[in-house]
Amino acid sequence: MFSFFVSFLAAALITLLVIRQAKLHGTALDSNLSGVQKVHTLAVPRIGGIGIFAAVVVGGLIAMWREPTLGRGMFLLLACSSVAFLGGIVEDFTQRVSPSRRLLLTMVAAGLGYFLLDAKIDRLDWVSSQWFMTSAWIALPLTILAVAGIANAVNIIDGFNGLAAVVTLCMLFSLGYVALQVNDVFILIAALTVAGATAGFLIWNYPVGLIFLGDGGAYFLGFMLGELSVLLVMRNPEVSTWYAALLLIYPVFETLFSVYRRLFVRGKSPGMPDGIHLHSLIFRRLVLWAVGRDALALTRRNALTSPYLWLLSLMAVIPATLFWEHSWVLMSFCALFVVSYVWLYVRIVRFKSPRWMIIRRRK
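Where do I start with the overall build of the protein in this structure?
Helix and strand content of the protein: 13 helices and four strands. Looking at the protein residue by residue over its 363 residues, the buried ones come to 54%. Within the protein, contacts between residues at least 6 apart in sequence are counted, and of these 74% link residues at least 24 apart. Of the roughly 16,400 Å² of accessible surface on the protein, a fraction of 68% belongs to carbon and sulfur atoms.

How should I be thinking about a nonpolar patch on the surface in this particular structure?
Residues Leu-104, Val-108, Leu-112, Phe-115 and Leu-116 make up a contiguous nonpolar surface patch of about 460 Å² in total accessible area. Looking at the element boundaries, Phe-115 is found in helix α4 (residues 99-116). A residue is classified by how much of its surface remains accessible, and Phe-115, at 60% relative accessible area, is exposed.

Sorry if this is basic, but what is going on with the packing of aromatic side chains here?
The geometry of an aromatic ring pair is captured by two quantities: the separation of the ring centres and the angle between the planes. Summed over all chains, the structure comprises 17 aromatic pairs. Here the aromatic rings of Phe-53 and Phe-85 are separated by 4.4 Å at their centres, their planes lie at 5°, and the arrangement is stacked. Here the residue Phe-53 occupies a position in helix α2 (residues 49-66), and Phe-85 occupies one in helix α3 (residues 71-94), the gap between them amounting to 32 residues. By relative accessible area, Phe-85 is classed as buried at 10%. When the ring of Phe-253 is compared with that of Tyr-341, the centres are 5.1 Å apart and the planes differ by 85°; the resulting orientation is edge-to-face.

What is the right way to look at the environment of Ile-144 in this model?
On the secondary structure map, Ile-144 appears in helix α5 (residues 136-157). Considered as a pair, Ile-144 and Leu-104 are 40 residues apart in the sequence and their alpha carbons are 9.9 Å apart. Residues in contact with Ile-144, not counting those within four places in the same chain, are Met-107, Ala-110, Gly-111 and Gly-149.

Help me out: how do you make sense of the packing of α3 against helix α8 (residues 214-235) in this one?
Direction vectors running N to C along α3 and α8 enclose 155°, while the axes themselves pass 6 Å from each other. By the angle between their directions, the pair α3 and α8 is classed as roughly antiparallel. Relative to α8, the crossing made by α3 is right-handed. In contact with Leu-77, Leu-78, Cys-80, Ser-81, Ala-84, Phe-85, Gly-88, Ile-89, Glu-91 and Asp-92 of α3, α8 contributes Gly-214, Asp-215, Gly-216, Tyr-219, Phe-220, Phe-223, Met-224, Glu-227 and Leu-228. Among the residues making up the contact of α3 with α8, the classes are represented as 11 nonpolar, four polar and four charged.

Even after reading the chapter, I still don't get the pattern of salt bridges, so can you show me in this structure?
Note that side chains of opposite charge can pair when their charged atoms are close. Counted according to the given criterion, the structure contains four salt bridges. Note that Asp-125 is salt-bridged to Arg-123, the shortest N-O span being 3.2 Å. Note on accessibility: Asp-125 and Arg-123 belong to one class, buried.

Which parts of the structure should I look at to understand α3?
Because an α-helix completes one turn every 3.6 residues, residues spaced three or four positions apart along the sequence face the same direction. Helix length check: α3 (24 residues) gives 34 Å between terminal C-alpha atoms against 34 Å at 1.5 Å per residue, within 8%. At Phe-85, α3 shows its largest bend, some 30°. Positive backbone phi, approximately 55°, marks Gln-95, located one or two places after α3.

When you look at the packing of α4 against α5 in this model, what are you seeing that I'm missing?
For any two helices packed against each other, one specifies the crossing angle of their axes together with the interaxial distance. Remark: α4 packs on α5, axes separated minimally by 8 Å, with the N-to-C direction vectors making an angle of 130°. Judged by the angle between their axes, α4 and α5 are oblique. The interaxial crossing formed by α4 with α5 has right-handed handedness. Across the interface between the two elements, Arg-102, Leu-103, Thr-106, Met-107, Ala-110, Gly-111, Tyr-114 and Phe-115 from α4 touch Ala-136, Ala-139, Leu-140, Thr-143, Ile-144, Leu-145, Val-147, Ala-148, Ala-151, Asn-152 and Asn-155 from α5.

Just to check I follow, could you spell out the environment of Val-154 for this structure?
Counting through the fold element by element, Val-154 comes out in helix α5. The exposure class of Val-154 is buried, given its relative accessible area of 1%.

How each quantity is defined
Residues numbered from 1 in each chain as written. Predicted model: local features only at pLDDT ≥ 70, side-chain atom pairs only at ≥ 80, totals over all residues. Heavy atoms only, no water. Helix = DSSP H or I, 4+ residues; strand = E, 2+ residues; numbered from the N terminus. Buried < 20%, exposed > 50% of the residue type's maximum accessible area, 1.4 Å probe, protein only. Contact = heavy atoms within 4.5 Å. Areas by Shrake-Rupley, 256 points an atom, 1.4 Å probe, with all protein chains shown as cover. Patch = residues over 30% accessible without salt bridge, like charges linked within 9 Å, V, L, I, M, F, W, Y side chains within 5 Å. Salt bridge = Lys/Arg side-chain N within 4 Å of Asp/Glu carboxyl O. Phe/Tyr/Trp six-rings, centres within 6.5 Å; stacked < 30°, edge-to-face > 60°. Axes fitted to C-alpha atoms, helices over the stretch in contact; angles between N-to-C directions. Parallel < 35°, antiparallel > 145°, perpendicular 65-115°, else oblique. Left-handed = near helix turned anticlockwise from the far one by under 90°. Nonpolar A, V, L, I, M, F, W, Y, C, P; charged D, E, K, R; others polar. Expected span 1.5 Å × (residues − 1). Bend = angle between axes of the 7 residues up to and from the residue.

Put into structure tokens, the structure is as follows:
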């Protein structure tokens, strides 16, 4: 836990400095309040990824000093992740890096991880058997698409205060727990270091939202989640590949469902932003306690939206953590999550939200 507390303190302090400097000099403020996915009324710094990345570097260096055997792996992991972070943070400052270029940089980072860290998807578990992919022509593109897709998925769910940060935090704790069970010290320390940095950022991001994760933070955390999941599963054959699938299913399925909805239902480009993600619908149709357009009401609605999605994510994270060895159980929970997600989305779209989900306005 030492790595967690070091990166937590570093992230909390660095993020506070970033907030103060950004507001003093107007650096990278999110001042466009008219977009379809904007739910804040004041300009807010969107460069929270700086604090997280810097804290992970600090925590990683200290971990390398305390455990020299982890030095090479930690250095290479940070080097690969910096490529994914670069495209996002440049976009946060300039708004001139297209989504395709950010995705391309993340794919390059995943390719580097494949060759430098041996982070490759080369097997898939079934109920009572395993399918091994010995050909690099299959393993390499599959790994790149999976890791880059997870990074992009975390960026997509980053729509409300604390949403992506808490979801990521829960997943990192799960990775750390399973790594502890299989005695994988590298994954354990890396996961806790990133978790600590995320928690340090979170105290400034939720509930008020003094700073946003930004593309840099989202792509960095998403890349770390994807890379650590691949490494944990492939380095430890006793961990089912369906553990990673279930652990990450919320952001991944949100992305796949959004692509299907935009392309086949609405006939639009999958890359076109819209305001009907599940978290957006919950914000608009369920959180009625603080209805209104003034800044205080909007902030309350923003903060009240994220817990719904935290619970949805935990529907996958908890069983993944408990049944990390049992492929058939994990596969069953994957199917259950997909059915539950689609059912909930359809209910909300049709204005038939379950009563227990509705927060009503105070009298």
